[in-house]
Amino acid sequence: MVDGTVRCPWHHACFDLRTGEALRAPALNDVSCWKTEKNGARFRITGKILNKPARKPAISPETVVIVGAGAAGGAAAEMLRRQGYNGPITLIGRDKSLPYDRPNLSKDYLAGNAPEEWIPLRPDDFYREQKIDTVTGTEVKTIDTRKKQVTLSDGRSFGYGALLLATGSDPVHLDIPDYDLPNLFYLRTLADSRRIIEKAKNAKRAVVIGESFIGLEVAWSLRERKLEVAVVGKHSLPLEGVLGREFGELIKKTHEKNGVKFHLGRMPARIEEKHVQLDDGTKLDCDFVVAGIGVRPNIRLAESAGITTDNGVVVNEFLETNVPGIFAAGDIASWPDPRAGRIRVEHWVVAQRQGQTAARNILGARERFVVPPFFWSNHFDVHIQYVGHSGGKDLASVSGDLKAKHGSVIFKDGETITAVASVGRHHENLQAEVALERGDKLRP
Amino acid sequence: MADDSSQLTGPDFEKGIPIDDVADGVMLLGHAGGEAVLVVRRGEEIFAIGATCTH
């Protein structure tokens, strides 16, 4: 419990103690709320509160258009309605599918451990019931900030009162010859994940290029499918840059123990139909290749509309761009974090929470985005939670025992704690989130 | 917050409990109407919300 809220230790969702409202993603639904009664020295619950009072937003734009139907866009659309906004909402996505659980695409879904029905965040009728107009498989080509209008790849135009840009990011492609080989896969969308699953069904060996989160989660998932998996990465230790040496070693050992072979400090020189040739001449036989070497934010639309960009769409603490009425959230947003300064991160929960904050601010809430970034990542039985933002040059110290999968790495810039990465210590990680948020000095 | 409500534990809040069982600022897990419920006391106020994270 923190002030007037209750937090879930698993993925740091946040609920209002008074109302049960889901204030912060990843939870999207409220928990129940109960009437209580005190009688002398006793207390009891008298019933569930079923009808919550209707809300009225401070500002109500004529229409709201959301560009991008991923984590941020979907969460924003829902939040607009939850805040009592009654005007038209149009959610436009390049993806053919309505918002879905993207973190699962490299984890249990790819591993074959998550049923199809877990993947959509909402059933299709949810959007009809909520009167959220959805346009899928269609890209927004231009924004006319003077006419307040967006034009789509199919020629249609939509006027907006307020606009949210949540265009996300796309995988970086390998810079090698014949990169569009049919046996080379990238993972971003549900369709991508399904293509890899289809390929894996009749394959024995895979090579993963990239030793970061997506690459290693793909390696784990393909091992779950009993494929032989080799991981090629340019760094000498996986994830060291983000999580530090100790976690890097734990993750590498965990993957090795589960049969993943590493080829670190290497990059691919060629990809052939049945093998990958590395830059030192090594040949790795395989049936297909998955590359996860990072993503690039989709900021061209904002740029071409004259919105300020700098390694992302530049927003203020309210997630509004330099053009009033145009907000940005998720992978593309570069925002002033109260602790780390101006940053841009590519985490699911951050995107959802920014979508929620942007929605509230579209309705005039003037809410600063101050939550420390948070993500989780699973590697076999090692489930990592990370809160905060470490610049990479910070000093890391270990508390507890990482090898026993019960400990944390604490990152410090001088005396200030910038981030905490934990395994098997949910409450410690949650407490770190609260302390970072409050600006408390954390105990090392 | 719990990730599973299939097994209800703790007191039945509909039957009532002594107020002193809920310490200030501490969460108490019990149930009401067949659902896991968290009760929290903040000074003189007592709140009760569903105990199962909706994520």
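All of these numbers come straight from a predicted model, not from anything done at the bench.

*Asks:* Even after reading the chapter, I still don't get the interface of chain A and chain B, so can you show me in this structure?
*Replies:* A common way to report how large an interface is uses the accessible area buried once the components associate. Taken together, the contact between chain A and chain B spans 27 residues of the former and 28 residues of the latter. Secondary structure elements with two or more residues in the side of chain A that touches chain B: strand E4 (34–39) and strand E5 (42–48) of chain A. Among the elements that line the side of chain A that touches chain B, the one with the most residues is E5 of chain A, at five residues. Within the side of chain A that touches chain B, the residues separate by chemical class into 17 nonpolar, five polar and five charged.

*Asks:* Explain the sheet that holds strand E1 (residues 5–7) of chain A here, please?
*Replies:* Residue and element names in this part refer to chain A. What the three strands build is an open sheet, ordered E1-E2-E3; its pairing is antiparallel. Every interior strand has two partners, whereas the edge strands, E1 and strand E3 (22–24), have only one. Sheet twist, expressed as the average angle between the axes of neighbouring strands with direction ignored, equals 35°. Bridge count for strand E2 (residues 14–16) against E3 is two bridges, and the pairing is antiparallel. Counterpart to Cys14 in the pairing with E3 is Arg24.

*Asks:* Would you explain the sheet that holds strand E6 (residues 64–67) of chain A in this entry?
*Replies:* Strand pairing in a sheet relies on backbone hydrogen bonds. The paired strands run either parallel or antiparallel. Residues and elements named next belong to chain A. Strand order across the open sheet formed by five strands is E8-E7-E6-E12-E24, with parallel pairing between neighbours. Only two strands of the sheet have a single neighbouring strand rather than two, namely strand E8 (132–135) and strand E24 (326–328). Between one strand axis and the next, the sheet turns through 20° on average, direction left out of account. Of the strand pairs in this sheet, strand E7 (residues 89–92) and E8 are connected by four bridges, and their pairing is parallel. By the bridge assignment, Thr90 is partnered in E8 with Asp133.

*Asks:* What's the story with helix H4 (residues 190–201) of chain A in this structure? I'm lost.
*Replies:* Residues separated by three or four positions in an α-helix point in the same direction, a consequence of the helix having 3.6 residues per turn. Residues and elements named next belong to chain A. Look at H4: 17 Å from first C-alpha to last across twelve residues, which is about the 16 Å you get at 1.5 Å a residue. Turning to H4, its buried residues number three or more, namely Ser193, Ile196 and Ala200. Looking down the long axis of H4, one finds its buried residues gathered within 60° of arc, a one-sided arrangement. Relative to its buried face, H4 has exposed residues pointing more than 90 degrees away, namely Ala191, Glu198 and Lys201.

The rules behind these values
- Residues numbered from 1 in each chain as written.
- Chains lettered and ligands numbered in written order.
- Predicted model: local features only at pLDDT ≥ 70, side-chain atom pairs only at ≥ 80, totals over all residues.
- Contact = placed C-beta atoms within 7 Å.
- Helix = DSSP H or I, 4+ residues; strand = E, 2+ residues; numbered from the N terminus.
- Nonpolar A, V, L, I, M, F, W, Y, C, P; charged D, E, K, R; others polar.
- Pairing = 2+ DSSP bridges.
- Axes fitted to C-alpha atoms, helices over the stretch in contact; angles between N-to-C directions.
- Expected span 1.5 Å × (residues − 1).
- Buried ≥ 20, exposed ≤ 12 C-beta atoms within 10 Å, placed from the backbone.
- Arc of directions from axis to C-beta.

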